[in-house]
Amino acid sequence: MYKTYTMELAGRTLSVDIGRVAGQANGAAFMHYGETVVLSTATASEKPREGIDFFPLSVEYQEKLYAVGKIPGGFIKRESKPSENAVLTCRVIDRPMRPLFPKDYRNDVTLENLVMCVDQDCSPELTAMLGSALATAISDIPHDGPTASTMVGLVDGQLVFNPSSEERTRSDMSLTVASTRDKVIMIEAGANEVEESIVIDGIYKAHEINRQIIEFFDKIVAECGKPKHDYERCDTPEELYDDIVGFITPEAMEEAVFTDVKQVREENIREIKEKLEERYQEEHEDWLPLIDEAVYKFQKKTVRKMILKDHKRPDGRELTQIRPLAAEIDILPKTHGSGMFTRGQTQVLTVTTLAALAEIQRLDGIDENETSKRYMHHYNFPSYSVGETRPSRGPGRREIGHGALAERALIPVLPSTEEFPYAIRTVSEIMESNGSTSQGSICASTLSLMAAGVPIKRMVAGISVGLVTGEADDDYTILTDIQGLEDFFGDMDFKVAGTEKGITAIQMDIKIHGLTREIVEKAIYQTKEAREYILKNIMMPCISEPRKEVGKYAPKIDQIKIDPTKIGDVVGQRGKTINALIDLYNVKIDIDDDGFVSVCGTDSASIAAAIKAIKVIVTEFKKGQVFEGKVVSIKEFGAFVEFAPGKEGMVPVSHIAKERIKHVEDVLTLGDKVRVVCLGKDKMGRFSFSMRECPKRSVPKDE
């Protein structure tokens, strides 16, 4: 027998089957939200993994295309590597769950989510977040949960919770909030320049809904939950730690970490470790493998004490001070656009590439609203950027996540396809990293897009703030522009991007059990102040507005609107007409269902000629219209002239020349270029044309 629990959530039914499937997992929740079905499981290894100093958590989110009645495309008819959406969902599930596991837990844990059926109005991503939280809560795996999550939209100025598919297409905000019983633990957002106060209101209204969900989960845990199992604790021996502190001294450790140059700090720590290895080589050889973890703990306590109690940052900055900033454009002369943004030892070079709309990315996923991407942002984090060496194996989850965050931040300011009919790709190459490269990539991408001539609505900048907390909720320090050390040893990485008008993206990662409202509000407004400083003082002096035209190496695109009923005329039978235009004028042509025709090429004259030919193809012949064309066929009774691929008209022999001629060949040969005027319809309803009555040119021929 299994048990089913239900509650009403945002106007739809959330139900959970416990004990129905996956009975051998440590915890399993068969989640139903509307008609969306997700199986969430939590499993843990019996013993800790040896030789590691971190908690080995894996989060999986598997999108099965049978969930939406589709067979995977391509030759291999089964799902392969996770989609970008699946990777991002794994990250958003991981972030609120990870801080609530014991810090010294070393058993492998896997949270797996299998999307089995999708109701487009009930997000499978949200269902998986709830399922992972519940499966872990009822399992015997130690975890200080449960958590709950709610999505928030902004439709016609009103907050909407867990919006439907139709509401998501009209929403000016996509906000996801995860909470514990008392505090917010994770925030992820994309927004169309939404004011800070509206975002904060959405966060805390979602938090109230999350508390109701947790009450529902508590009931399930009380009836079905397993006792949490014991585990082998992994902590630095007190005797070793006390000896290190006494031998090195807090003053010496503070001096070692108190520098604004990462390499100097790392060299200082390396020397400390060498001294400790010499000290324990003979008498405490068993302590040698524990030195790294003990020194890390000593550094962490030193940095946190300096910031929280002394208000001193490792590089000597004030709490709200940003590191030295610089902005440049046109670093790479032959790319379509390039921009570089530097903040201290964080440096990002972004390159923009423009292409025809045919180059948009096609998506084969489970969201019916997401079938293509016109704007693509890719982020690369090579090992040399942090002074390390490792082989490149393609983008990992972190790189995909950072790229998606920057993409989300910039989409609200991009021009529409009608305004700018290009596919756009930006690639951020991390040159050097010491804190918040994702926000640096947003700034660099803005510079690069403007340099490429993309008419963005407003400039976007991003900044990150950190946090160090004490024992009480009101004992904390917020830091603007955190560097790597402050991120490693601090409690929060709160990234906010936006324009002078409002927020476009948020991503909040924390290592503690949640934030108070006071901290969230201060963090958001502190990033606003820093963002406005970067925009006005660093980025605008570099390039104040997008260039009026794309660069000389970028493809040129012109666009016209035709009657959608004429699309078939332009395409032709089996694509014959459009392919002839492409070959003749050496261009690319894209047509959408609304009748927008984009012509892309490198030569403006060829583009203009192709546009002219398309206009001819879709034009209804009228008496008096003048056309230029080529003789493609000669008959006894006249000549056929092609005005554009697939568009021909007949000139009777009597209308070829002023004087009477016996044979068409006396005047015309195949391939001749001629000008003709439409005479209207003949007695049989066919259009006829005349060379004889065609008016003379009103402009010189070479114009």
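Residues numbered from 1 in each chain as written. Predicted model: local features only at pLDDT ≥ 70, side-chain atom pairs only at ≥ 80, totals over all residues. Heavy atoms only, no water.

## Things to note about the overall build of the protein
Next up, step 1: Helices and strands together make up the secondary structure of the protein, namely 15 helices and 29 strands.
Next up, step 2: Buried positions account for 53% of the 703 residues belonging to the protein.
Next up, step 3: Counting only contacts in the protein whose residues sit at least 6 apart along the sequence, the fraction spanning at least 24 positions is 69%.
Next up, step 4: Total accessible area on the protein is roughly 33,500 Å²; 49% of this is exposed by carbon and sulfur atoms.
Next up, step 5: Computing the positive centroid from 90 side-chain charges and the negative centroid from 112, the protein places the two 9 Å apart. (Helix = DSSP H or I, 4+ residues; strand = E, 2+ residues; numbered from the N terminus. Buried < 20%, exposed > 50% of the residue type's maximum accessible area, 1.4 Å probe, protein only. Contact = heavy atoms within 4.5 Å. Areas by Shrake-Rupley, 256 points an atom, 1.4 Å probe, with all protein chains shown as cover. Lys, Arg positive; Asp, Glu negative; His and termini not counted. Charge placed at Lys NZ, Arg CZ, Asp CG, Glu CD.)

## What about the packing of helix 10 (residues 437–451) against helix 12 (residues 517–542)?
Next up, step 1: Viewed as axis vectors pointing N to C, helix 10 and helix 12 meet at an angle of 35 degrees, and their least axial separation amounts to 10 Å. Both helix 10 and helix 12 take part in a crossing whose hand is right-handed. Mapping the contact onto sequence places Cys443, Thr446 and Leu447 in helix 10 and Ile534, Met539 and Cys542 in helix 12.
Next up, step 2: Class assignment for the residues of the contact of helix 10 with helix 12 results in five nonpolar, one polar and no charged. (Axes fitted to C-alpha atoms, helices over the stretch in contact; angles between N-to-C directions. Left-handed = near helix turned anticlockwise from the far one by under 90°. Nonpolar A, V, L, I, M, F, W, Y, C, P; charged D, E, K, R; others polar.)

## Focus on the sheet that holds strand 24 (residues 596–601)
Next up, step 1: What the three strands build is an open sheet, ordered 22-24-23; its pairing is antiparallel. Either end of the sheet is taken by a strand with one partner, and the two such strands are strand 22 (556–561) and strand 23 (588–591). Each neighbouring strand pair of the sheet contributes to a mean axis angle of 20 degrees, computed without reference to strand direction.
Next up, step 2: The pairing of strand 22 with strand 24 spans six bridges and is classified as antiparallel. Within strand 24, the residue paired with Lys561 across the bridge is Phe596.
Next up, step 3: Packed onto the sheet, helix 15 (residues 604–618) meets strand 22, strand 23 and strand 24 and runs at close to 15 degrees relative to strand 22. (Pairing = 2+ DSSP bridges.)

## What to know about the nonpolar core
Next up, step 1: In terms of nonpolar packing, the biggest core is built from 85 residues, with Ile203 and Phe494 touching the most fellow members.
Next up, step 2: Top element by residues in this core is helix 4 (residues 196–224). It accounts for 11 residues.
Next up, step 3: Filtering out sequence-adjacent residues up to four positions away, Ile203 remains in contact with Leu175, Val177, Val184, Ile187, Val520 and Ile524.
Next up, step 4: Counting 46 residues, the second largest nonpolar core, distinct from the first, contains Phe341, Phe381, Tyr422 and Ile430. (Core = buried A, V, L, I, M, F, W, Y, C linked by side-chain atoms within 4.5 Å.)

## As for the sheet that holds strand 12 (residues 337–343)
Next up, step 1: The sheet built from five strands is open, its strands ordered 11-12-13-17-16 with mixed pairing. Looking at which strands have only one partner, the edges of the open sheet turn out to be strand 11 (325–329) and strand 16 (375–380). Within this sheet the neighbouring strands show an average axis-to-axis angle of 15 degrees, counted without direction.
Next up, step 2: Across nine bridges, strand 13 (residues 346–355) lies against strand 17 (residues 423–432) in antiparallel orientation. Note on strand 17: the bridge partner recorded for Leu349 is Glu429.
Next up, step 3: In the packing of helix 10 onto the sheet, contacts are made with strand 11, strand 12, strand 13, strand 16 and strand 17, and the angle to strand 12 comes to roughly 145 degrees.
Next up, step 4: Helix 12 contacts strand 11 and strand 12 of the sheet and is inclined by roughly 35 degrees relative to strand 11.

## Concerning helix 6 (residues 250–257)
Next up, step 1: For helix 6, the complete set of buried residues consists of Met253, Glu254, Ala256 and Val257. For helix 6, the arc enclosing every buried residue in end-on projection is 160 degrees, short of the 170-degree limit, so these residues lie on one face. The exposed residues of helix 6 that point more than 90 degrees off its buried face are Glu251 and Glu255.
Next up, step 2: Those residues of helix 6 hidden inside the fold are in contact with helix 5 (238–248), helix 7 (262–280), helix 8 (291–308) and helix 11 (484–489). (Arc of directions from axis to C-beta.)

## Looking at the confidence of the model for the protein
Next up, step 1: Across the protein, the average pLDDT comes to 93, with 99% of residues at or above 70.
Next up, step 2: Here residues 699–703 is modelled with pLDDT under 50, and outside its nearest four sequence neighbours on either side it reaches zero contacts, counting other chains as well. (pLDDT = per-residue confidence, 0-100.)

## A look at helix 9 (residues 397–410)
Next up, step 1: Here helix 9 contains 14 residues, and its C-alpha end-to-end distance of 20 Å stays within 8% of the 20 Å for a straight helix at 1.5 Å per residue.
Next up, step 2: For helix 9, a buried count of 10 out of 14 residues is recorded, marking the element as mostly surrounded by other parts of the structure.
Next up, step 3: Within the sequence span of helix 9, burial applies to Glu399, Gly401, His402, Gly403, Ala404, Leu405, Ala406, Glu407, Ala409 and Leu410.
Next up, step 4: Contacts made by the buried residues of helix 9 are with helix 1 (84–97), strand 15 (372–373), strand 16, helix 10, strand 20 (492–498) and strand 21 (503–510). (Expected span 1.5 Å × (residues − 1).)

## Remarks on the packing of aromatic side chains
Between two aromatic rings, the relevant description is the distance of the centres plus the angle of the planes.
Next up, step 1: Scanning all chains against the criterion turns up 13 aromatic pairs.
Next up, step 2: With a centroid separation of 5.1 Å and 80 degrees between ring planes, the pair formed by Tyr105 and Tyr231 is classed as edge-to-face. Of this pair, Tyr105 sits in the loop between helix 1 and strand 6 (107–117) while Tyr231 is found in the loop between helix 4 and helix 5, placing the two residues 126 residues apart along the sequence.
Next up, step 3: By relative accessible area, Tyr105 is classed as buried at 0%.
Next up, step 4: Counting every residue linked through ring pairs, the aromatic cluster contains Phe55, Phe101, Tyr105 and Tyr231.
Next up, step 5: Above the face of the Tyr231 ring, Arg233 is positioned so that its terminal group lies 4.2 Å from the ring centre.
Next up, step 6: Sitting over the face of the ring of Phe247, Arg279 holds its NZ or CZ atom 4.3 Å from the ring centroid. (Phe/Tyr/Trp six-rings, centres within 6.5 Å; stacked < 30°, edge-to-face > 60°. Lys NZ or Arg CZ within 6 Å of the ring centre and 35° of its normal.)

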